[in-house]
Amino acid sequence: MEEVFVPPAGVFIIVVVIEEFVGPVVAGLVYLLMLTVIFLGIYTSAKNWNIRYTTGFVLSGIVLIWMAPSIISTVIHPVFGFLGTLIGVVFLGGMALLLIEKAGLDEEFFPK
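Since this is a predicted model, take the numbers as computed values, not measurements. (Residues numbered from 1 in each chain as written. Predicted model: local features only at pLDDT ≥ 70, side-chain atom pairs only at ≥ 80, totals over all residues. Heavy atoms only, no water.)

Participant: Can you lay out the packing of aromatic side chains for me, pointing to particular residues and giving the numbers?
Facilitator: In the structure shown here, the tally under the stated rule is four aromatic pairs. Residues Phe-39 and Phe-91 carry aromatic rings whose centres are separated by 4.3 Å and whose planes lie at 5° to one another, so their mutual orientation is stacked. Taken together, the positions of Phe-39 in helix α2 (residues 24-46) and Phe-91 in helix α4 (residues 78-102) put the pair 52 residues apart, joining distant regions of the chain. Here Phe-39 and Phe-91 have matching classes, each one buried. Ring geometry for Phe-57 and Phe-91: centres 6.1 Å apart, planes at 85°, overall edge-to-face. A residue pair is termed long-range when its members are at least 10 positions apart, and Phe-57 in helix α3 (residues 51-67) and Phe-91 in helix α4 qualify at 34 residues. Put simply, the rings of Phe-39, Trp-49, Tyr-53, Phe-57 and Phe-91 pair up and form one aromatic cluster. (Phe/Tyr/Trp six-rings, centres within 6.5 Å; stacked < 30°, edge-to-face > 60°. Helix = DSSP H or I, 4+ residues; strand = E, 2+ residues; numbered from the N terminus. Buried < 20%, exposed > 50% of the residue type's maximum accessible area, 1.4 Å probe, protein only.)

Here you go:
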């Protein structure tokens, strides 16, 4: 299975350095931790974005996650690459749910 998530450049550089000096398992764990922290920060700030910006972010994310090839699996074990992609997909799903809430469609999609 080919991974479809490209990590931020800073994350990639840090993972490469850690993999070289410490090892691939630690580098993989650091990769997952850094992605989680970055995505939580984006999600937290996205609560203050307007609906147009949130819509653009979600649509761009959907397009990019299917178009972008991954390079992280060439540095660390592919399992960590897959888990990173999974974290990215969950993050994008959370952003889509936030967009649904901002658009006032949460009652339509998730009736109480």
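Participant: Now, about α2: what can you tell me, with residues and values included?
Facilitator: Taking 1.5 Å of rise per residue, the 23 residues of α2 would be expected to cover 33 Å, and the 32 Å separating its terminal C-alpha atoms lies within 8% of that figure. For α2, the set of buried residues is Ala-27, Gly-28, Tyr-31, Leu-32, Met-34, Leu-35, Phe-39 and Ala-46. (Expected span 1.5 Å × (residues − 1).)

Participant: Describe the environment of Leu-40, listing the residues and the values that go with them.
Facilitator: When you line up the elements, Leu-40 lands in helix α2. It is 8.1 Å that separates the C-alpha atoms of Leu-40 and Phe-91, two residues lying 51 residues apart in sequence.

Participant: Help me get a handle on the packing of helix α1 (residues 9-21) against α2, residues and values and all.
Facilitator: Close contact between α1 and α2 brings their axes to 8 Å; oriented N to C, the two are set at 160°. In terms of axis orientation, α1 runs roughly antiparallel to α2. The hand of the α1/α2 crossing is right-handed. Residues Val-11, Ile-14, Val-15, Ile-18 and Glu-19 of α1 touch α2, and the partners they reach there are Pro-24, Val-26, Ala-27, Val-30, Tyr-31, Met-34 and Ile-38. Broken down by class, the residue content of the contact of α1 with α2 amounts to 11 nonpolar, no polar and one charged. (Axes fitted to C-alpha atoms, helices over the stretch in contact; angles between N-to-C directions. Parallel < 35°, antiparallel > 145°, perpendicular 65-115°, else oblique. Left-handed = near helix turned anticlockwise from the far one by under 90°. Contact = heavy atoms within 4.5 Å. Nonpolar A, V, L, I, M, F, W, Y, C, P; charged D, E, K, R; others polar.)

Participant: Would you mind going over the nonpolar core in detail, with residue names and values included?
Facilitator: In this structure, Val-15, Tyr-31, Ile-76 and Met-95 are the most contacted members of the largest nonpolar core, which totals 20 residues. Mapped by element, the contributors of at least two residues to this core are α1, α2 and α4. Looking at this core element by element, the count peaks at seven residues for α2. Once you skip the residues sitting within four places of it in the chain, Met-95 turns out to touch Tyr-43, Ala-46, Trp-49, Thr-54, Phe-57 and Val-58. (Core = buried A, V, L, I, M, F, W, Y, C linked by side-chain atoms within 4.5 Å.)

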